[in-house]
Amino acid sequence: MKNILVPTDFSDNCNKAANLAIEVAVLFNAEIHFFHQISTVVNWTKLTKIQEQNYPDTLAEIGTAKSNLRSLDKQAESKGLKSRTFLEFVSDENAIVAHSHNFNHDFIITGSKGIQNGFLKQLLGSNAQKIIRKARVPILVVKEDTVTFPFKNIVFVSDFKEDISNAFIEVEKIAKKCNAKIHLLNINTTSDFNSVENGLQPIRAFLNHFPKLENYAMHVYNESTVLGGIEKFEDSNDVDLVVMYTHSRKGLSSIFSKSIAENITNHSKKPVMTVHL
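Residues numbered from 1 in each chain as written. Predicted model: local features only at pLDDT ≥ 70, side-chain atom pairs only at ≥ 80, totals over all residues. Heavy atoms only, no water.

S.K.: What should I look at first to understand the packing of aromatic side chains in this one?
M.R.: For any pair of aromatic rings, the description rests on two quantities: the centre-to-centre distance and the angle between the ring planes. Taken as a whole, this structure holds 13 aromatic pairs when the rule is applied. Between Phe 168 and Phe 206, the aromatic rings sit 5.1 Å apart at their centres with planes inclined by 90°, giving edge-to-face as the arrangement. Separated by 38 residues along the polypeptide, Phe 168 in helix α7 (residues 165-178) and Phe 206 in helix α8 (residues 196-207) bring together distant segments of the chain. Residues Phe 168 and Phe 206 agree in their burial class; the two are buried. Joined through ring pairs, the aromatic side chains of Phe 156, Phe 160, Phe 168, Phe 206, Phe 210 and Tyr 245 make up one cluster. Between Lys 177 and the ring centre of Phe 28, over which it is positioned, the NZ or CZ distance is 5.5 Å. (Phe/Tyr/Trp six-rings, centres within 6.5 Å; stacked < 30°, edge-to-face > 60°. Helix = DSSP H or I, 4+ residues; strand = E, 2+ residues; numbered from the N terminus. Buried < 20%, exposed > 50% of the residue type's maximum accessible area, 1.4 Å probe, protein only. Lys NZ or Arg CZ within 6 Å of the ring centre and 35° of its normal.)

Given below as structure tokens:
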């Protein structure tokens, strides 16, 4: 993790995400970029300074955004980080992906209250599958709950039926830096209810790829939905971060599809990270 992108609308949850991103950047000695978008009624970049005066509300919004970005920049620099800020006059999920690609970001951290609120509507809204597929980097979304960092308990949710080693490597990196315990959670839904022992077998087989992993626990829950299983796990365990994975393959039979990852991101109050396979 060398270059972190923080898209923000300066809401409370995005501010929590920015604070988390700064802590993560300190831990990983990473550069951090704060990114904000403003939607304008005209092509702002084509206006002269005199023409800009015809849009006082937009000018005020730009001034506030620049001030907020400057505050985040100073906050990061006070921690000894290399920081940059970006203000773009467009509201388009493709702009976020393009920016991330152009600056070689390897991690995105943002915040949202849900699908209809905050910056997540742009980042993980109706075009969630397309954005996650294009971003190709882990995306961590901060929600309502207080964020505990360094993370101490990370939940990696999977049915462990396919090769997910690349996604787990990202989890393992964070867990090592945070000295966190990884909880490998297999949720049996109505389509494949079986015994706990049968649910543990694919986890054990998966762990053969990570023989040096030590600080972990295995869990199997029988629930009608993946979201229900995660919520039940959260109710009875300390959880600091939930991790799901996504991929571009079509026709996948796995219950861990992009739509389910999106649903969990939208509904969980805990920070949720999605990793592209």
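S.K.: Can you help me understand the environment of Val 275 in this one?
M.R.: Summarising the element assignment, Val 275 is placed in strand β10 (residues 272-276). Judged by its relative accessible area of 2%, Val 275 is buried. Along the backbone, Val 275 and Phe 168 are 107 residues apart, and their C-alpha atoms lie at a distance of 8.6 Å. The contact partners of Val 275, leaving out residues within four places of it in the chain, are Pro 138, Ala 167, Glu 170, Val 243, Met 244, Tyr 245 and Thr 246. (Contact = heavy atoms within 4.5 Å.)

S.K.: Would you explain the sheet that holds strand β1 (residues 3-7) in this entry?
M.R.: Remark on secondary structure: sheet strands pair via backbone hydrogen bonds, oriented parallel or antiparallel. Spatial strand order, β3-β2-β1-β4-β5-β10-β9-β6-β7-β8: ten strands in an open sheet with mixed pairing. The two strands at the open ends of the sheet, each matched to only one other strand, are β3 (83-88) and β8 (216-222). Mean inter-strand twist for the sheet, computed between neighbouring axes without regard to direction, equals 20°. Pairing analysis gives seven bridges linking strand β7 (residues 181-188) to β8, with the strands arranged parallel. Residue pairing in the sheet places Ile 187 in a bridge with Tyr 221 of β8. The sheet strands contacting helix α3 (residues 56-77) are β2 (31-37) and β3, and the helix crosses β3 at an angle near 165°. Lying on the sheet, α8 is in contact with β7 and β8; it crosses β8 at an angle near 145°. (Pairing = 2+ DSSP bridges. Axes fitted to C-alpha atoms, helices over the stretch in contact; angles between N-to-C directions.)

S.K.: What am I meant to see in the pairing of β7 here?
M.R.: Where a strand is regular, its side chains alternate between the two sheet faces. Most of β7 is tucked away, with seven of its eight residues classed as buried. Looking at chain direction, strand β6 (residues 153-157) and β7 are connected through five bridges and run parallel. Directly across from Val 155, in β7, lies its bridge partner His 183. Once the chain exits β6 it traverses α7 before rejoining the sheet at β7, and the crossover so formed is right-handed. (Right-handed = clockwise from strand over helix to strand, strands pointing away.)

S.K.: Quick question: what am I supposed to make of helix α9 (residues 226-236) here?
M.R.: The α-helix advances 3.6 residues per turn, and as a result positions three or four apart in sequence lie on the same side. Among the residues making up α9, those that are buried are Val 226, Leu 227, Gly 228, Gly 229, Ile 230, Phe 233 and Glu 234. The opening residue of α9 is Thr 225, an N-cap whose side-chain oxygen sits 2.9 Å from the backbone nitrogen of Gly 228. (Polar contact = N/O pair within 3.5 Å; in protein donor to acceptor, adjacent residues only side chain to side chain.)

S.K.: Even after reading the chapter, I still don't get the pairing of β6, so can you show me in this structure?
M.R.: In terms of burial, β6 is a largely internal element, five of the five residues being buried. Of the two faces of β6, the one carrying Asn 153, Val 155 and Val 157 and the one carrying Ile 154 and Phe 156 are both buried. Relative to strand β9 (residues 241-246), β6 runs parallel, the two sharing three bridges. In the strand pairing of β9, Phe 156 is matched with Val 243.

S.K.: Would you take a moment to explain the side chain of Lys 270 for this structure?
M.R.: The residue Lys 270 is located in the loop between α10 (258-267) and β10 in this model. A distance of 3.3 Å separates the side chain of Lys 270 from the backbone oxygen of Val 239, its partner in a polar contact. Those residues in contact with Lys 270, other than ones at most four positions away along the chain, are Val 141, Lys 143, Asp 145, Glu 234, Val 239 and Val 242.

S.K.: Teacher, can you tell me more about α7 here?
M.R.: Between its terminal C-alpha atoms α7 stretches 20 Å, which fits the 20 Å expected from 14 residues at 1.5 Å a residue. Along α7, the residues classified as buried are Ser 165, Ala 167, Phe 168, Val 171, Glu 172, Ile 174, Ala 175 and Cys 178. (Expected span 1.5 Å × (residues − 1).)

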